[in-house]
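# Understanding the architecture of this molecule
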Amino acid sequence: KAGVTQTPRYLIKTRGQQVTLSCSPISGHRSVSWYQQTPGQGLQFLFEYFSETQRNKGNFPGRFSGRQFSNSRSEMNVSTLELGDSALYLCASSFSGLSGNTIYFGEGSWLTVV
Amino acid sequence: GENVEQHPSTLSVQEGDSAVIKCTYSDSASNYFPWYKQELGKRPQLIIDIRSNVGEKKDQRIAVTLNKTAKHFSLHITETQPEDSAVYFCAATRPNYGGSQGNLIFGKGTKLSVKP
């Protein structure tokens, strides 16, 4: 069974640009969540989607947005990029989204903003 | 909201020794506590998890204990090997309204170094 797949793996963007990251969850998983990892702040929750609905949202500005498609694939978008947005963005999926479900991470997308 | 504290931030042990990493959480409603291992440049990989209805869980050289009363849980690695060297993260989550999956709240991580 394929794991959580994220694309692109690496990208470099300029301040002010926008970026879209993609995530394909494990087959059969309906819950997809996104995390930002930086050396200073560690792993921080961005948002979670289940059945195409945003169910939970972290404490990030409105420049960070996401969506989920009917096949459970998800995208996140960051608009008006800032230098501080440079980070590893991790997507995670779980089966039914019920509390206590095991959560699996993808390899992440490394974003560098210059 | 939930807050997870993890100690120590760095841990160095000799190969064959045991390593213990401790985490405390603040939200008594948290009911799921996974541990992830992250090697440099790679994804966090689940190594063991425990749910709030269990006090201890073991998987070969790895064990996790949970004390709900004190709101802390610990990772124990026995007979450490150089390949155990990585950053380890604890996390906690509580159910959202309706019982759905809450988001993971992570500790800051422990960098474990196992010296041959």
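These remarks concern the structure in this document. On a predicted model such as this, the values are computed, not experimentally measured, just so you know. Residue numbering note: each chain is counted from 1, following its sequence as written. Numbering of ligands from 1 and lettering of chains from A proceed in the order in which they are written. For a predicted model such as this one, the threshold for reporting local features is a pLDDT of at least 70, and the threshold for listing and counting side-chain atom pairs is 80 or more; totals across whole chains, interfaces and linings nevertheless cover every residue. Calculated side-chain values reflect all of the structure's heavy atoms, with hydrogen atoms and water omitted.

Moving on to the environment of B:Asp49. Helical segments are the DSSP runs of H or I of at least four residues, strand segments are the runs of E of at least two, and each set is numbered from the N terminus. In this structure, B:Asp49 sits in strand β5 (residues 45-51). The cut-offs for exposure are 20% and 50% of the maximum accessible area for each residue type, with area from a 1.4 Å probe on protein chains only; residues under the lower value are buried, those over the upper are exposed, and the others partly exposed. Note on B:Asp49: relative accessible area 5%, which makes it buried. Whether two residues are in contact is decided by their heavy atoms, any of which lying within 4.5 Å being enough. Among all residues touching B:Asp49, those that are not within four sequence positions of it are A:Thr102, B:Tyr32, B:Phe33, B:Pro34, B:Lys57 and B:Val64. Between N or O atoms, a polar contact is any pair within 3.5 Å; within protein, one atom must be a potential hydrogen donor and the other a potential acceptor, and residues adjacent in sequence are included only when both atoms are from side chains. A polar atom in the side chain of B:Asp49 sits 2.9 Å from the side chain of B:Lys57.

Often, the extent of an interface is quoted as the loss of accessible area upon association of its parts. Contacts between chain B and chain A engage 23 residues on the former and 24 residues on the latter. Summed over both sides, the interface of chain B with chain A buries roughly 2,000 Å², with 48% coming from carbon and sulfur. What counts as a salt bridge is simple: a side-chain nitrogen of Lys or Arg found within 4 Å of a carboxyl oxygen of Asp or Glu. Linking chain B to chain A there are one salt bridge. Taking the shortest distance from any N to any O, the salt bridge between B:Arg43 and A:Glu107 comes out at 2.9 Å. Taken together, the elements giving at least two residues each to the side of chain B that touches chain A come down to β4 (32-38) and β5 of chain B. Buried area counts how much accessible surface, traced with a 1.4 Å probe, disappears from two parts once they are put together, with both parts' losses summed.

Before going further, it helps to examine the packing of aromatic side chains. For any two aromatic rings, the description comes down to two numbers: the centre-to-centre distance and the angle of the planes. All names here are of chain B. The criterion for an aromatic pair is that two Phe, Tyr or Trp rings (for Trp, the six-membered ring) have centres within 6.5 Å, with stacked assigned to planes under 30 degrees apart, edge-to-face to planes over 60 apart and tilted to the rest. Under the counting rule described, the total for this entry stands at 13 aromatic pairs over all chains. Arranged with centres 5.6 Å apart and planes meeting at 70 degrees, the rings of Trp35 and Phe73 form a pair that is edge-to-face. Taken together, the residues span a long stretch of sequence, with Trp35 in strand β4 and Phe73 in strand β8 (residues 72-77) at a distance of 38 residues. The two residues Trp35 and Phe73 agree in class, both being buried. Judged by centre distance (6.0 Å) and plane angle (50 degrees), the ring pair of Tyr36 and Phe106 falls under tilted. Of this pair, Tyr36 sits in strand β4 while Phe106 is found in strand β10 (residues 105-106), placing the two residues 70 residues apart along the sequence. Take Tyr36 and Phe106: they sit in the same class, and that class is buried.

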